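# Report on the structure
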Amino acid sequence: MTDSSTPAGFVRQGWRWSGRLLTGVISLALTLLGLLAFTFTLSHLAPIDPTLQVAGDHASEATYAQVRRDLGLNQSVPVQFARYLDHLAHGDMGISRITAQPVASDLMRTFPATVELATCAILLGGSLGILLALLAVWKPGSWLDNVARMVSLLGYSVPIFWLSLLGLLLFYAVLHWAGGPGRLDDLYMYTMTPRTGFVLIDTWLSGDREMFYNAISHLWLPVTVLAMLSMAGITRLLRASMLGEMNKEYVILARSKGAGRARVLLCHVFPNVLGTLITVLSLSYASLLEGAVLTETVFAWPGVGRYLTTALFAADTPAILGATLLIGTCFVLLNALADALTYLLDPRTR
């Protein structure tokens, strides 16, 4: 009888889970608070005066003073930060100075575009990365292994903005295989009824198959560019982890009993690196959510990355803080989810 099968064992296990959950929640809150404090401080060090953005260059001194009071800029930075946290606790992220709309509404409009792009990219990059890593470990030193290493090297070395521009030049301007910048052609952009914010789902629900294929033509190129970035990291780390496992005693024992290399790789080695794989996938997905700024800018993709870039250039503090909080929350939650899945799937971590 195991310890967890007794009532006392269940209670102890419940306390352990409760402790881990409480620790995770406190860690999440402190991480996001520190991220907000750091971003808030940096936004106030920007050389752009928000008062000039609101009042203009030719307003009077009295108008400038009134605008500063309205924006709360006449108070100290700690007091301004405390006010922002109080508003945030009530669900108010502030008003964007660029769009003149609530930041929460702007994020709800732009975040689905980023999620759609990152999700498609991680599905493609993860599948190809796992396949390449398995082929490389199956025959180390072969041309398959050399291809896997070359892909990893290119993914880390080639600048993402250069690859995006080259892709647009080749597949859009020359070959006309891609739909070009944006999520849809202008013909469909203003006729589609947005329902979910995900262009593939919205165009499919519209019943117009040509609109759906047009959305795919705009989506596949940025997805491929981002997939190459994630595939490089997944292939490299997974290959290294599996090569390390191939030299361990349980693999040598399985081979001595007559198991083939492919069987050992799939049935013995791969299950033992699931923890590493989950961590790599979660980090890659989080990086795509927060790091698609250049790709979204080159492809005119209306996501959070492009929204945050515009806010940074305009010193739009509410928009910067809102987008940073959203991306930071996603990053921390994905890491927590990866830790939980690793804990459940790998008994060695318990």
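Residues numbered from 1 in each chain as written. Predicted model: local features only at pLDDT ≥ 70, side-chain atom pairs only at ≥ 80, totals over all residues. Heavy atoms only, no water.

### Here we look at the packing of helix 10 (residues 209-245) against helix 12 (residues 261-272)
In the contact formed by helix 10 and helix 12, the axes pass within 9 Å of each other and the chain directions differ by 115°. As for how helix 10 packs across helix 12, the hand of that crossing is right-handed. When helix 10 is examined against helix 12, the residues Leu238, Met242 and Glu245 are found in contact with a partner set consisting of Leu265, Val269, Phe270 and Asn272. (Axes fitted to C-alpha atoms, helices over the stretch in contact; angles between N-to-C directions. Helix = DSSP H or I, 4+ residues; strand = E, 2+ residues; numbered from the N terminus. Left-handed = near helix turned anticlockwise from the far one by under 90°. Contact = heavy atoms within 4.5 Å.)

### Section: the packing of aromatic side chains
Applying the stated criterion across every chain yields a total of four aromatic pairs. Relative to tryptophan 220, the ring of phenylalanine 171 lies with its centre 5.5 Å away and its plane at 75°, an arrangement referred to as edge-to-face. Here phenylalanine 171, found in helix 7 (residues 160-174), pairs with tryptophan 220, found in helix 10; they are 49 residues apart in sequence, far enough to count as distant. A relative accessible area of 27% places tryptophan 220 in the partly exposed class. Ring centres of tryptophan 204 and phenylalanine 212 lie 5.1 Å apart, and the angle between their planes is 70°; this geometry places the pair in the edge-to-face category. Given the relative accessible area of 15%, phenylalanine 212 is considered buried. Clustering of aromatic rings is evident, with ring pairs tying together Phe171, Trp177 and Trp220. Seen from the ring of tryptophan 138, lysine 139 lies directly overhead, with NZ or CZ sitting 4.9 Å from the centre. Between the NZ or CZ atom of arginine 209 and the centre of the ring of tryptophan 204, over which it lies, the distance is 3.7 Å. (Phe/Tyr/Trp six-rings, centres within 6.5 Å; stacked < 30°, edge-to-face > 60°. Buried < 20%, exposed > 50% of the residue type's maximum accessible area, 1.4 Å probe, protein only. Lys NZ or Arg CZ within 6 Å of the ring centre and 35° of its normal.)

### Quick word on helix 10
At leucine 219, helix 10 shows its largest kink, close to 30°, and the proline proline 222 lies no more than four residues downstream. The N-cap of helix 10, judged by a side-chain oxygen 3.1 Å from the amide nitrogen of glutamate 210 a few residues on, is aspartate 208. (Bend = angle between axes of the 7 residues up to and from the residue. Polar contact = N/O pair within 3.5 Å; in protein donor to acceptor, adjacent residues only side chain to side chain.)

### Details of the UniProt feature "transmembrane region" (unreviewed entry) in the protein chain
The residues that UniProt annotates with the feature "transmembrane region" (unreviewed entry) are residues 20-42, 117-138, 150-175, 219-238, 265-286 and 319-345. A distance of 27 Å separates the end C-alpha atoms of residues 219-238, which is 100% helix and 0% strand. Taken end to end, residues 265-286 is 95% helix and 0% strand, and its two terminal C-alpha atoms sit 28 Å from one another. (UniProt positions renumbered as here; feature names shortened; annotations may be inferred.)

### What about the side chain of serine 217?
Counting through the fold element by element, serine 217 comes out in helix 10. Discounting chain neighbours no more than four positions away, the residues touching serine 217 are Ala178 and Gly179.

### Brief notes about the state of the cysteines
In protein structure, a disulfide is the covalent linkage between the sulfur atoms of two cysteines. Overall, the coordinates contain zero disulfides when judged by the stated rule. Summary of cysteine pairing: cysteine 330 is not part of a disulfide, and the nearest cysteine sulfur, belonging to cysteine 120, is at 16 Å. (Disulfide = S-S within 2.5 Å.)

### As for the confidence of the model for the protein chain
Looking at the protein chain as a whole, the pLDDT averages 83, with 93% of positions reaching at least 70. Mean pLDDT across the elements of the protein chain bottoms out in helix 2 (residues 50-55) (72) and peaks in helix 5 (residues 103-138) (92). (pLDDT = per-residue confidence, 0-100.)

### Side note on helix 12
For helix 12, spanning twelve residues, the distance from its first C-alpha to its last is 15 Å, which sits close to the expected 16 Å at 1.5 Å a residue. Those residues of helix 12 that fall on the buried side of the exposure criterion are Val264, Leu265, Val269 and Phe270. Down the axis, helix 12 shows its buried residues gathered within 145° of arc, on one side only. (Expected span 1.5 Å × (residues − 1). Arc of directions from axis to C-beta.)

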